[in-house]
Amino acid sequence: MTTITADPALTAQQEAIRESGWGERYRFFQPHNFMFWVYLWLLILGGTAMVSQMGGQFGGFRDAIVTGYVAFALFTVPFWLALNYLDRYRAVPGKVRVMAFLWGGLVGTFTLAQPANAAVLTLYAKLFGQPWAQDWGAGLTAPFTEEIAKGAGVLVIIVLAPRVVRSAFDGLIIGAFIGLGFQVFEDVTYVVTGAQSAFGAAQGQAAVHIVFTRVLTGLTSHTLYSALFGMGLVWLIGRPSEPRRIGRGLLFVLGALLVHGLWDAMGALAGGSSAMSALYFLLIPGLAIVLFVVAVRWSSERPRDWMHDLLRPEAERGTITQDELTALSGNHKQRKAYVKAAKGHKSHVHARHVLAAATDLARQLARDGGHDTPDVVFARAEVTRVRG
């Protein structure tokens with residue numbers, strides 16, 4: 001009697017496809033899902049609040065509003081591309097990214113955070129006095145109200161797309177897009193507020209100044225905070241393919257609250273000292289960046305394993321080399337080493353193209369369940385063509 005043994009590499013590949021959810025297609029319209037209507041209703045409330053807030057001031061502050069929206073629309077583009085590059089596994093579908101961005105921009109900003117901030121700051125002023133509230137109110141309010149408002153979006157998207165959000169890295173990417181939306185729409189309100197403080201005089205000049213300031217400080221702002229918070233939430237609640245890690249989850253949730261709070265309370269902490277303000281201006285973003293680098297490294301462990309198992313049969317059949325498999329499933333340092341191993345700029349570019357083609361093959365394999373469909377055969381041929 002002959003015993004047929006399944007190929008371990010193919011078995012691991014099927015397991016990776018099942019666990020990662022990379023082959024899943026997301027459907028936005030879910031009429032039988034109550035959370036879909038909750039999301040839609042909160043989005044409408046946020047959009048209505050934004051139109052009411054901006055529309056009522058458009059006549060007097062048109063230049064500032066137009067400048068703000070145009071400037072921060074341009075600001076969104078490089079951030080969006082950078083996040084797409086960061087998610088090299090393309091685990092989060094485009095529809096989910098747009099949903100996350102809109103939650104942050106409309107729901108997080110106008111529906112939830114603005115009313116909550118106003119209520120808490122008013123309470124602080126009544127309890128501790130206006131000067132104290134002015135110094136410490138933002139640092140002791142925004143980290144909680146705003147991160148909870150944005151974090152709620154991560155939870156809503158998990159309910160709407162449970163087969164897509166499978167790892168802490170997915171939580172990081174979704175949180176980052178939510179934070180980007182929040183950051184962009186909030187910054188426009190700052191532009192309008194700045195124009196109001198000058199009673200509408202020199203709106204263009206005031207708007208440009210605020211845009212420049214917000215862009216400069218926005219490099220380590222809400223996008224980064226929400227990425228940390230969203231990833232921490234996934235570790236706190238766990239996913240079928242990502243076991244709960246309460247310690248890690250608390251580390252990054254509290255880390256996001258900490259850097260957000262320190263940044264908003266920087267003026268009070270500095271006590272009017274220019275030297276201390278400059279020191280905090282460097283230290284706080286530095287702490288945020290360190291947390292983010294650690295977050296990306298830790299949260300990408302599972303996706304890297306999935307990528308390895310997904311492409312291992314392709315390495316065994318010779319479609320990709322072992323070095324390419326190591327680079328594709330490795331960290332940034334390993335990918336960089338693979339690219340740098342090729343001598344010369346043209347060779348570096350060529351190596352990146354090969355990795356990109358192999359990533360497309362991995363995505364197609366996941367989408368087609370690992371079967372040799374015409375699309376998979378074409379993607380496999382593309383790897384060979386690009387290498388040649």
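Keep in mind that this is a model prediction, so the values were computed, not measured.

Digging into the overall build of the protein
Point 1. When you go through the protein residue by residue, the secondary structure sums to 17 helices and 0 strands.
Point 2. Its C-alpha radius of gyration of 24 Å places the protein within 12% of the 21 Å reference for a compact globule of 388 residues.
Point 3. Reported as C-alpha extents along the three principal axes, the dimensions of the protein are approximately 85 × 55 × 40 Å.
Point 4. Split into buried and exposed, the 388 residues of the protein put 50% on the buried side.
Point 5. Within the protein, contacts between residues at least 6 apart in sequence are counted, and of these 75% link residues at least 24 apart.

Some details on the packing of aromatic side chains
Point 1. Inspection of every chain in the model, using the stated rule, returns 18 aromatic pairs.
Point 2. For the ring pair F29 and W37, a centre distance of 6.5 Å and an interplane angle of 80° mean the geometry is edge-to-face.
Point 3. Through a chain of ring-to-ring contacts, three or more aromatic side chains come together here, namely F28, F29, F36, W37, Y39 and W103.
Point 4. Here the basic side chain of K150 rests over the ring of F182, its NZ or CZ set 5.1 Å away from the ring centre.

Quick look at the side chain of R166
Point 1. Residue placement: R166 occurs in the loop between α6 (142-160) and α7 (168-197).
Point 2. Although R166 is buried, it makes no salt bridge; E24 carries the closest opposite charge, 5.4 Å away.
Point 3. Leave out the neighbours within four places in its chain, and R166 touches R18, E19, S20, G21, R239, P240, S241, E242 and W306.

Considerations on the packing of α6 against helix α9 (residues 222-237)
Point 1. Interhelical geometry of α6 versus α9 gives an angle of 50° and a closest axis separation of 9 Å. By the angle between their axes, α6 is oblique relative to α9. Handedness of the crossing formed by α6 with α9: right-handed. Along its contact with α6, which presents E146, E147, K150, G151, V154, L155 and I158, the element α9 presents H222, Y225, S226, F229, G230, L233, V234 and I237.

Quick look at helix α17 (residues 374-387)
What sets the pattern is the α-helix's 3.6 residues per turn: residues three or four places apart point alike.
Point 1. With 14 residues, α17 extends 20 Å between its outermost C-alpha atoms, agreeing within 8% with the 20 Å of an ideal straight helix rising 1.5 Å per residue.
Point 2. Taken as a whole, α17 has its buried residues at V376, A379, R380, V383 and V386. Looking down the long axis of α17, one finds its buried residues gathered within 130° of arc, a one-sided arrangement. Those residues of α17 that are exposed and aimed more than 90 degrees away from the buried face are P374, F378 and R385.
Point 3. Those residues of α17 that are buried are in contact with α13 (301-317) and α16 (345-367).

Conventions adopted
All residue numbers refer to position in the chain's written sequence, counted from 1. Totals for whole chains, interfaces and linings use every residue, but because this is a predicted model, local features are given only for residues with pLDDT of at least 70 and side-chain atom pairs only at 80 or more, for both listing and counting. Excluding hydrogens and water, the side-chain figures rest on all heavy atoms present in the structure. Put simply, DSSP H or I for four residues or longer makes a helix, DSSP E for two residues or longer makes a strand, and each gets a number counted from the N terminus. Radius of gyration: over C-alpha atoms. The globule rule applied is 2.2 Å multiplied by the number of residues raised to the 0.38 power. The buried label applies to any residue whose accessible area, calculated with a 1.4 Å probe on protein chains only, is under 20% of its type's maximum; exposed applies above 50%, and partly exposed to all values in between. Any two residues whose heavy atoms approach within 4.5 Å are treated as being in contact. Two rings from Phe, Tyr or Trp (for Trp, the six-membered ring) form a pair when their centres sit within 6.5 Å of each other. Planes less than 30 degrees apart are called stacked, planes more than 60 degrees apart edge-to-face, and all others tilted. A ring is scored as having a charge over it whenever the NZ atom of a lysine or the CZ atom of an arginine sits within 6 Å of its centre and within 35 degrees of its normal. His is not counted, nor are the chain ends; Lys and Arg add positive charge and Asp and Glu add negative charge. The salt bridge criterion pairs a side-chain nitrogen of Lys or Arg with a carboxyl oxygen of Asp or Glu, the two atoms within 4 Å. Geometry is summarised by axes, namely lines fitted to C-alpha atoms with helices restricted to the contacting stretch, and by angles between N-to-C directions that run from 0 to 180 degrees. For this classification, under 35 degrees means roughly parallel, over 145 means roughly antiparallel, 65 to 115 means roughly perpendicular, and everything else is oblique. For any pair of crossing helices, the crossing counts as left-handed if the nearer helix is rotated counterclockwise from the farther one by less than a right angle, and right-handed if it is rotated clockwise. Residue count minus one, scaled by 1.5 Å, sets the expected span of a helix. The arc under discussion is defined with respect to the helix axis, by the directions toward the C-beta atoms.

Functional significance is not addressed by these values, which are geometric in nature.
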